[in-house]
Amino acid sequence: MDNKLILLGLIGAVLITSGCMDSTEEAPDDNMDMPEETGAEAQASVDRTITISGGPGVTYNTSEVDVEAGETVRFVYTHEGGRHDLVLEENGQRVTGTEVLTTDGATDSFTYTFEEGGSYQFYCSVGTHRAQGMEGDIVLS
């Protein structure tokens, strides 16, 4: 019986020292909710920054944004509760958007250049949030 206890103790020690208790795990990146822009987004000069906030209910702080044709806009989404994102749609097709955010105060952003003749909207793509009214129009002037 004593040999079985010693054997179990040795097996446990081997498991613990073999990586099950790895303390070399990297700390999470503080900027995980702010993806780095690459390609054309990084090179585009931004004409204006528009901040839109959403939550804690199923609403944004605005339902309409005015932009000029040809204008390059950086949209910053600020999360104020719940589980939401900000998606840009052109002529009925999703073109870009933020990650879904769940941490109050978190932000994410994207940059987009608006072309003349397009029809644009923004919305939350989580569940039925858009159908519940979490959307807005982008009006070209």
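Presented here is a report on the structure given in the accompanying data block. (Residues numbered from 1 in each chain as written. Predicted model: local features only at pLDDT ≥ 70, side-chain atom pairs only at ≥ 80, totals over all residues. Heavy atoms only, no water.)

### Some remarks on the environment of E99
Part 1: Among the secondary structure elements, E99 is positioned in the loop between β5 (93-97) and β6 (107-113).
Part 2: Between the alpha carbons of E99 and D85 there is a distance of 5.9 Å; along the sequence they are 14 residues apart.
Part 3: Ignoring sequence-local partners within four residues, the contact set of E99 consists of H84, D85 and D108. (Helix = DSSP H or I, 4+ residues; strand = E, 2+ residues; numbered from the N terminus. Contact = heavy atoms within 4.5 Å.)

### Examining the pattern of salt bridges
Part 1: Considering all chains together, one arrives at three salt bridges under this definition.
Part 2: For the salt bridge of R130 with E135, the shortest nitrogen-to-oxygen distance reads 3.1 Å.
Part 3: Residue E135 is classed as partly exposed on the basis of its relative accessible area, which comes to 30%.
Part 4: Several salt bridges converge on common partners, so that one network encompasses E89, R130 and E135. (Salt bridge = Lys/Arg side-chain N within 4 Å of Asp/Glu carboxyl O. Buried < 20%, exposed > 50% of the residue type's maximum accessible area, 1.4 Å probe, protein only.)

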